Amino acid sequence: MRHPNGDKVFVTCDSDGHYVYKSFRNDADKGSIIDFVKNRKRLSLGAIRKELRPWIGQPPMAVHAFPPLHRTSKDRMKVHEAYARMKDASTGHPYLEKERALPGSVLALARFSGRVRIDARGNAVFPHFDADGLSGFELKNVGFTGFASGGSKALWLSHELPDDKRLVFCEAAIDALSYAVLFPDNHACFASIGGKPNPQQPELIRAAAARMPLDSEIVSAMDNDAAGVELAAVVKKAVALTGRLDLRFSVHEPFGFKDWNDQLRAKPQPFLPCRPDVPSVA
């Protein structure tokens, strides 16, 4: 929720059924609706009660009846607070560059701005988004894979641009970034599902495909194994469910390697990804 004066807060239903908020400007500005009013109007508890009374339909005035927020067992507030403390990795990421051979130039692309972060432990952080926004984030490092406490897996997404003609789905975000290096294309956007899909992800895949411009191509670029074949079938079905006959579906697998990052690390350095003069992949 945003106010014209610049105030911005995140509101959610906590696991105990009470609504809480968190300010994006001040980490100490959070809590219940009572804290919200107190921190903005500096009123006494009695005055706060008087201020809030109309919002439960009591005199002196009634207010519009807002629909209840969707209750979830996940803790989005916790996810947002943790994510807000992390830094954008567009200026570089030691693990991704040294261990995964991803050049800093691809991390600095506007296509991936804000889509890769680094936490206090040096982990690579890949945010997941659902229909309501940030739902969680993947964590990757040497010998370590994790997911945000209180979060839920959705889709990792690059930025989508109006002139995009290709949407590439990969199994992991690192594979999607690797694909972007191996096959430079200024008109391609990227997504990853983070492994075996949960029941909510096929609809998110369908929605992402449905957002693509006319005559776009949806590419399943999963790992070269049995699980990759199953994931490609999930993407193909989701594309069909868009009902759009103009969308083309194709499968692209690594040749001679399990995944795209393996293929990337086998190639000589350096790379020159996504230069403006590089044509799109046919």
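Refer to the structure above for everything that follows.
1. A look at the pattern of salt bridges
- Under the definition given, this model contains 17 salt bridges.
- Notably, a salt bridge pairs Glu 160 with Arg 211, separated by 2.8 Å at the nearest N-O pair. With a gap of 51 residues between them, Glu 160 in the loop between strand S9 (156–157) and strand S10 (166–170) and Arg 211 in the loop between helix H7 (201–210) and strand S12 (217–221) connect regions that are remote in the sequence.
- Glu 160 sits in the partly exposed class, given a relative accessible area of 36%.

2. Let's talk about unusual backbone geometry
- Although it is not a glycine, Ala 101 sits at a positive phi angle of roughly 60°.
- Topologically, Ala 101 is positioned in the loop between helix H4 (94–99) and helix H5 (104–107).
- With a relative accessible area of 13%, Ala 101 lands in the buried category.

3. Focus: the side chain of Asn 198
- Examined against the element boundaries, Asn 198 turns out to sit in the loop between strand S11 (188–192) and H7.
- Looking at Asn 198, its side chain comes within polar contact range of the main-chain nitrogen of Gln 200, at 3.0 Å.

4. Quick notes on the sheet that holds strand S13 (residues 248–251)
- Strand order across the open sheet formed by five strands is S9-S11-S10-S12-S13, with mixed pairing between neighbours. Both outer strands of the open sheet, S9 and S13, are each paired with one neighbouring strand and no more.
- Inspection of the sheet shows S10 paired to S11 by five bridges, in the parallel sense. Among the inter-strand pairings, Val 168 is bridged to a residue of S11, identified as Phe 190.
- Helix H6 (residues 173–182) contacts S9, S10, S11 and S12 of the sheet and is inclined by roughly 160° relative to S11.
- Strands in contact with helix H8 (residues 226–240) are S10, S12 and S13; relative to S13, the strand with the most contacts, it is inclined by about 175°.

5. Some words on the side chain of Ser 220
- Note that Ser 220 resides in strand S12.
- Looking at Ser 220, the relative accessible area reads 1%, which means it is buried.

6. A short note on helix H3 (residues 76–84)
- Across the nine residues of H3, seven count as buried, placing the element largely inside the fold.
- Every buried residue of H3 is accounted for by Arg 76, Met 77, Val 79, His 80, Glu 81, Ala 82 and Tyr 83.
- Buried positions along H3 lie against strand S1 (9–13), strand S2 (19–23), strand S3 (30–31), strand S5 (117–118), strand S6 (124–130) and strand S7 (133–141).

7. Observations concerning the packing of helix H1 (residues 33–41) against helix H2 (residues 45–52)
- Here H1 crosses H2 at 110°, and the two axes come no closer than 10 Å. Judged by the angle between their axes, H1 and H2 are roughly perpendicular. Mapping the contact onto sequence places Ile 33, Ile 34, Val 37, Lys 38 and Lys 41 in H1 and Leu 45, Ile 48, Glu 51 and Leu 52 in H2.
- Within the contact of H1 with H2, the residues separate by chemical class into six nonpolar, no polar and three charged.

8. Some details on the packing of aromatic side chains
- Enumeration according to the criterion identifies nine aromatic pairs in this entry.
- Judged by centre distance (6.3 Å) and plane angle (85°), the rings of Phe 126 and Trp 156 are edge-to-face. Note that Phe 126 is positioned in strand S6 and Trp 156 in strand S9, a separation of 30 residues in sequence.
- With a relative accessible area of 1%, Phe 126 lands in the buried category.
- Counting every residue linked through ring pairs, the aromatic cluster contains Phe 112, Phe 126, Trp 156, Tyr 179, Phe 183, Phe 190 and Trp 260.
- The ring of Phe 24 carries the charged tip of Lys 8 above its face, separated from the ring centre by 4.7 Å.
- One cation-aromatic arrangement involves Arg 117 over Tyr 83; the distance from NZ or CZ to the ring centre is 3.9 Å.

Calculation rules
Residues numbered from 1 in each chain as written. Predicted model: local features only at pLDDT ≥ 70, side-chain atom pairs only at ≥ 80, totals over all residues. Heavy atoms only, no water. Salt bridge = Lys/Arg side-chain N within 4 Å of Asp/Glu carboxyl O. Helix = DSSP H or I, 4+ residues; strand = E, 2+ residues; numbered from the N terminus. Buried < 20%, exposed > 50% of the residue type's maximum accessible area, 1.4 Å probe, protein only. Polar contact = N/O pair within 3.5 Å; in protein donor to acceptor, adjacent residues only side chain to side chain. Pairing = 2+ DSSP bridges. Contact = heavy atoms within 4.5 Å. Axes fitted to C-alpha atoms, helices over the stretch in contact; angles between N-to-C directions. Parallel < 35°, antiparallel > 145°, perpendicular 65-115°, else oblique. Nonpolar A, V, L, I, M, F, W, Y, C, P; charged D, E, K, R; others polar. Phe/Tyr/Trp six-rings, centres within 6.5 Å; stacked < 30°, edge-to-face > 60°. Lys NZ or Arg CZ within 6 Å of the ring centre and 35° of its normal.

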